[in-house]
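# Examination of the molecular architecture
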Amino acid sequence: MTGRTSELDDPLRVRTRRKTRVGLVAGGLGTYWPQFPGLLPQLRESARHVSERFQGMDADVIDVGFISDAQEGAAAAEKLRRADCDLIVMFLTTYLTSSMVLPIAQRSHTPVLVIDLQPTERMDHASFDTGAWLAYCGQCSVPEVGNVFRRAGIPFRSVSGWLHQESAWRRIEQWITAARIRAALRTARHGLMGHLYPGMLDVSTDLTLLPATFGSHVEVLEFDDLRVRAEAVTDADVTDRMTLARTVFTLDESVREEDFAWGARVSVALDRLVDDFDLDSLSYYHRGLGGELHERLGAGMILGASLLTGRGVPTTGEYELRTTVAQLATQAAGAGGSFCEIQALDFEDMVVEMGHDGPAHLAVSSREPLLRGLGVYHGKRGWGVSVEFDVRHGPVTLLGLGQDADGSLSFIASQGSVVPGPLLAIGNTTSRVDFGRDPGEWVDDWSVTGVGHHWSLSVGHRAADYRAAASLLGIDFRIV
């Protein structure tokens, strides 16, 4: 079975996906050009600046140029339809009719962002004539486009400002981040290996739901797919992976050499599994019995899964497909994203203690992560090495993927700050999160959203990014 270009020669290199594709079209009403000869050159210069600004972002920009009437709008629509963009940006340089841009939104089947950026902060009223004023009235057609989009059943989004206004560009860049998340989810290949953790009904996910909602693919795997690859790993491969792990982790004295070697063997096999099946994420669980091989494979996942997650391939236990999707979204936003659940509440310091045993996102660690040896995994069969660290202090955002009674998915977020304090040393990723309120009340409000008991913990205050991504994905957004 073949996948993308192999990355096994560098197990720490972040996995690359195709760049986000942003379509760009600028326009204005062609009736003005013969009336005010200096207007079109000025607007084209503004459009050139906007295009250059987009070219500087981490995206492939498909600029289809400047349109002046409905026929040119239809031609631009066809170019953008073929480009298969993740977001289309319409730059209204002056007034234009909604008939010029409606076909672009209708035919592309792609989310659209309308921007109008006038040349400067304000007009020079004393010297401006009609032609000079028209360069400032792009916002005139924003309500018209919004009305027509609503009547056509098309979600409307806009950013209004002036050409060099950095706050406006930050709002625009927020939508580019959202497009990056949309691109990651709609092109993703999610691996699902093993079976549901018995009794975890909140974790259960209809496998048709992800392709139906996002366009992504779910590849159903067996633990035997991993077993065969683990058997093919050589002793030299194991030695190399143990050497690599020592450069990434501090080894606690509790780590047994044979458990470390087994985790290294499984890590190499995981890399090959991900490469062979061309995976962007992997969720797994296997209960096992009596120390048989599949149980040992399930218990030996944590080292390799943490390395993969740090490379941008979220790999999580307990068969948590939806949380792995949330982690992929936060990873695409550049915010990391570690597998997380509530561990305890501290009513003296007014914080929620949260984290998880097993796979962790190394990028969110406040220090060099620790490998700890465990004689037993709580709630799971098996034993071996686990990853332990505390999340770096400062702002964080939780993102979970909820599901409602009608089957629809939603993004659920909450912003807080990781603060210092005592932590358990039990082989878990853990943090103390201050939400600025009574921790018990926060748990109640968080739980009523339908989030489930796992989520992604990402660094920075990112709720606005995740809200924008939910808009582009066409799903609900809830914040606590």
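Scroll up for the structure.
Okay, so let's go over this structure. (Residues numbered from 1 in each chain as written. Predicted model: local features only at pLDDT ≥ 70, side-chain atom pairs only at ≥ 80, totals over all residues. Heavy atoms only, no water.)

### Notes on a nonpolar patch on the surface
What counts is decided by this rule: Each patch groups residues whose relative accessible area exceeds 30% and which form no salt bridge, using 9 Å between like charges and 5 Å between nonpolar side chains of Val, Leu, Ile, Met, Phe, Trp and Tyr. Computed with the Shrake-Rupley method and a 1.4 Å probe, the accessible areas treat only the protein chains shown as cover for residues. The term salt bridge refers to a pairing of a side-chain nitrogen on Lys or Arg with a carboxyl oxygen on Asp or Glu at a separation within 4 Å. Secondary structure elements follow DSSP: runs of H or I no shorter than four residues count as helices, runs of E no shorter than two count as strands, and numbering proceeds from the N terminus.
The grouping of Ile342, Leu345, Phe347 and Met350 at the surface amounts to a nonpolar patch, some 310 Å² of accessible area in total. By secondary structure assignment, the location of Met350 is in the loop between β11 (338-346) and β12 (351-357).

### Describing the side chain of His356
Worth spelling out the cut-off: Categorising residues by exposure relies on relative accessible area from a 1.4 Å probe, with only protein chains included: less than 20% of the type maximum marks a residue as buried, more than 50% marks it as exposed, and the intermediate range marks it as partly exposed. Pairing of N or O atoms within 3.5 Å defines a polar contact, subject to two protein rules: one partner must be a possible hydrogen donor and the other a possible acceptor, and residues neighboring in sequence count only if both atoms are side-chain atoms.
Mapped onto the elements, His356 comes out in strand β12. The class of His356 is buried, set by a relative accessible area of 1%. Engagement of the side chain of His356 in a polar contact is seen with the side chain of His454, the distance being 3.3 Å.

### Here we look at the pairing of strand β6 (residues 189-194)
Filter applied, for reference: Two strands form a pair only when DSSP identifies at least two bridges running between them.
Bridge analysis of β6 against strand β7 (residues 217-221) gives five bridges, and the strand direction is parallel. Paired with Met193 across the bridge in β7 is Leu221. In terms of strand pairing, β6 meets strand β9 (residues 281-285) through five bridges, oriented parallel. When the bridges of β9 are listed, His190 appears paired with Ser281.

### Here we look at helix α6 (residues 142-151)
For clarity, the threshold we go by: By the convention used here, residues are in contact when the closest approach between their heavy atoms is within 4.5 Å.
All buried positions along α6 are accounted for by Val142, Val145, Gly146, Val148 and Phe149. For α6, the secondary structure elements touched by its buried residues are β3 (87-92), α4 (102-108), β4 (112-118) and β5 (158-162). A positive backbone phi angle near 75° is found at Gly153, which sits one or two residues after α6.

### Focus on the pattern of salt bridges
According to the stated counting rule, one finds 29 salt bridges in the structure shown. Among the ionic pairs, Asp476 bridges to Arg478, the shortest N-O distance being 3.0 Å. The class for Asp476 is partly exposed, based on a relative accessible area of 40%. A cluster of three or more residues bridged by salt bridges with shared partners is formed by Arg18, Arg21, Asp84, Asp86 and Arg186.

### Here's the deal with the sheet that holds β3
Filter applied, for reference: To get an axis, a line is fitted to the C-alpha atoms, and for a helix only the part in contact is used. The angle between two axes follows their N-to-C directions and goes from 0 to 180 degrees.
Strands sit in the order β2-β1-β3-β4-β5 across an open sheet of five strands; the sheet is parallel. Lying at the two open borders of the sheet, with one neighbouring strand each, are β2 (60-67) and β5. Averaged over all pairs of adjacent strands, the angle between strand axes in this sheet comes to 20°, irrespective of strand direction. As paired elements, β4 and β5 share five bridges and run parallel to each other. Opposite Val114, over in β5, you have Ser158 as the bridge partner. The strands that helix α2 (residues 39-55) touches are β1 (21-27), β2, β3 and β4; relative to β2, the one it contacts most, it runs at about 170°. Against the sheet, helix α3 (residues 70-83) makes contact with β1, β2 and β3, and its axis sits at roughly 170° relative to β2, the strand it touches most.

### A look at the packing of helix α11 (residues 257-276) against helix α13 (residues 302-310)
Packed helices, taken two at a time, are described by the angle between their axes plus the distance between the axes. Operational definition: Here is the rule for angles: anything less than 35 degrees is roughly parallel, anything more than 145 is roughly antiparallel, 65 through 115 is roughly perpendicular, and the remaining ranges are oblique. Take the far helix as the reference: if the near one is turned anticlockwise from it by less than a right angle, the crossing is left-handed, and if turned clockwise, right-handed. Residues are grouped as follows: Ala, Val, Leu, Ile, Met, Phe, Trp, Tyr, Cys and Pro are nonpolar; Asp, Glu, Lys and Arg are charged; every other residue, Gly included, is polar.
The geometry of α11 relative to α13 is characterised by a closest axis approach of 7 Å and an angle of 45° between their N-to-C directions. Viewed along their axes, α11 and α13 adopt a mutual orientation that is oblique. For the pair α11 and α13, the crossing hand works out as right-handed. In this structure, α11 contributes Phe260, Gly263, Ala264, Ser267, Leu270, Asp271 and Val274 to the contact, and α13 contributes Leu303, Gly304, Ala305, Leu307 and Leu308. Among the residues making up the contact of α11 with α13, the classes are represented as eight nonpolar, three polar and one charged.

### Here's the deal with the packing of α2 against helix α7 (residues 166-186)
Viewed as axis vectors pointing N to C, α2 and α7 meet at an angle of 55°, and their least axial separation amounts to 12 Å. In terms of orientation, α2 and α7 fall into the oblique class. Here α2 runs over α7; the crossing is right-handed. Side by side, α2 and α7 meet where Val50, Arg53 and Phe54 of the first sit next to Glu166, Trp169, Ile172, Glu173 and Ile176 of the second. Tallied by class, residues from the contact of α2 with α7 come to five nonpolar, no polar and three charged.

### Looking at the sheet that holds β7
Pairing is parallel in the open sheet, where four strands are placed in the order β7-β6-β9-β10. Of all the strands in the sheet, the pair left with one neighbour each is β7 and β10 (315-316). Bridge count between β9 and β10: two bridges; the pairing is parallel. By the bridge assignment for β10, Ser283 is matched with Thr316. Across the sheet, helix α9 (residues 223-232) is in contact with β6, β7 and β9; its angle to β6 comes to roughly 90°.

### So, the nonpolar core
What counts here: Residues enter a nonpolar core if they are buried and are Ala, Val, Leu, Ile, Met, Phe, Trp, Tyr or Cys, with the set joined through side-chain atoms within 4.5 Å.
Ranked by size, the top nonpolar core spans 96 residues in total, and within it Phe54, Ile115 and Phe411 carry the most contacts. Among the elements that take part in this core, α7 stands out by supplying 10 residues, more than any other. In this view, Phe54 contacts Val22, Leu24, Val61, Val89, Ile115, Trp169, Ile172 and Ile176; residues no more than four positions away in its chain are not counted. Counting residues in hydrophobic clusters, the runner-up holds 57 residues, among them Met193, Leu221, Leu362 and Leu457.

That's the geometry; what it means functionally is another story.
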